[in-house]
Amino acid sequence: DARVTQTPRHKVTEMGQEVTMRCQPILGHNTVFWYRQTMMQGLELLAYFRNRAPLDDSGMPKDRFSAEMPDATLATLKIQPSEPRDSAVYFCASGLDRGNEQYFGPGTRLTVT
Amino acid sequence: KNEVEQSPQNLTAQEGEFITINCSYSVGISALHWLQQHPGGGIVSLFMLSSGKKKHGRLIATINIQEKHSSLHITASHPRDSAVYICAVGAGETSGSRLTFGEGTQLTVNP
């Protein structure tokens, strides 16, 4: 049963600390997406990759957020330094580039105090 | 005006009722997605469509490209259908590209 996995599932940290979230896409998928969900903004795209290359990260605050795919089995989203307004659920999704849907991970619930 | 608008925002139904959730969008798209998010927070993709109609069990999704409108129907609704239903549109040259989301419709089905 192929699934997108995300770690950690929950993270509580203090303002100013670095946060790293990890995502393992479904084996064979060549697109990876990072989304953020808040009560105020709903779901919004932060970044996405195709064949490990970043295609669009215009939704991401560049000064503190960074997204990478060190290899085809791992995507990371890093926040440094974190701020309370970063508190949200961060979802990773993966898919195939042509004609297929996106499969969402369970999300990482981040709380920055 | 949001690029993707859903209606209604909230919907309460009795078990067995036929339910319709609507989605209108204002941009050119490569595909439209219907997602389901349960109270536990997990998101499941229900449908991805670029034309016509798709059916899966009691769920039916339709799209009218000319009118930029899609509907999600649930027949014989059940309390386990209670969830947030989110419409999202994919822009770009392939259906695997970035999604823009509606605000979601909170559905509650009472027994």
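Residues numbered from 1 in each chain as written. Chains lettered and ligands numbered in written order. Predicted model: local features only at pLDDT ≥ 70, side-chain atom pairs only at ≥ 80, totals over all residues. Heavy atoms only, no water.

Enquirer: Requested: an account of the overall build of chain A, with residues and values cited.
Expert: Regarding its fold elements, chain A presents zero helices and eleven strands. If you list the helices and strands of chain A from N to C, you get β-β-β-β-β-β-β-β-β-β-β. The globule rule puts the C-alpha radius of gyration for 113 residues at 13 Å, and the 13 Å found for chain A is close to it. Principal axes of the C-alpha set define a box for chain A whose edges measure 40 × 30 × 25 Å. Split into buried and exposed, the 113 residues of chain A put 46% on the buried side. Relative to all contacts within chain A whose residues are 6 or more apart in sequence, the contacts with residues 24 or more apart total 54%. If you sum the accessible surface of chain A, you get close to 5800 Å²; carbon and sulfur atoms cover 49% of it. Averaging the coordinates of the 13 positive side-chain charges in chain A and doing the same for the 13 negative ones gives two points 2 Å apart. (Helix = DSSP H or I, 4+ residues; strand = E, 2+ residues; numbered from the N terminus. Rg over C-alpha atoms; globule rule 2.2 N^0.38 Å. Buried < 20%, exposed > 50% of the residue type's maximum accessible area, 1.4 Å probe, protein only. Contact = heavy atoms within 4.5 Å. Areas by Shrake-Rupley, 256 points an atom, 1.4 Å probe, with all protein chains shown as cover. Lys, Arg positive; Asp, Glu negative; His and termini not counted. Charge placed at Lys NZ, Arg CZ, Asp CG, Glu CD.)

Enquirer: Mind laying out the environment of Val4(B), listing which residues take part and the relevant values?
Expert: Residue and element names in this part refer to chain B. Mapped onto the secondary structure, Val4 falls in strand S1 (residues 4–7). On a C-alpha basis, the gap between Val4 and Cys87 in space is 7.6 Å, while along the polypeptide they are 83 residues apart. For Val4, the contacting residues outside a window of four places in its chain are Cys23, Ser24, Tyr25, Cys87, Val89, Thr100, Phe101 and Gly102.

Enquirer: I'd love a proper account of the pattern of salt bridges, names of residues and values included.
Expert: Under the definition given, this model contains six salt bridges over all chains. For Arg85(A), the salt bridge is made with Glu83(A), and the minimal N-O distance between the two is 2.5 Å. With its nearest N and O atoms 2.9 Å apart, the salt bridge here joins Arg58(B) to Asp81(B). Of this pair, Arg58(B) sits in the loop between strand S6 (52–56) and strand S7 (59–64) while Asp81(B) sits in the loop between strand S8 (69–74) and strand S9 (83–90), and the two are 23 residues apart along the sequence. (Salt bridge = Lys/Arg side-chain N within 4 Å of Asp/Glu carboxyl O.)

Nothing here speaks to function; it is all geometry.
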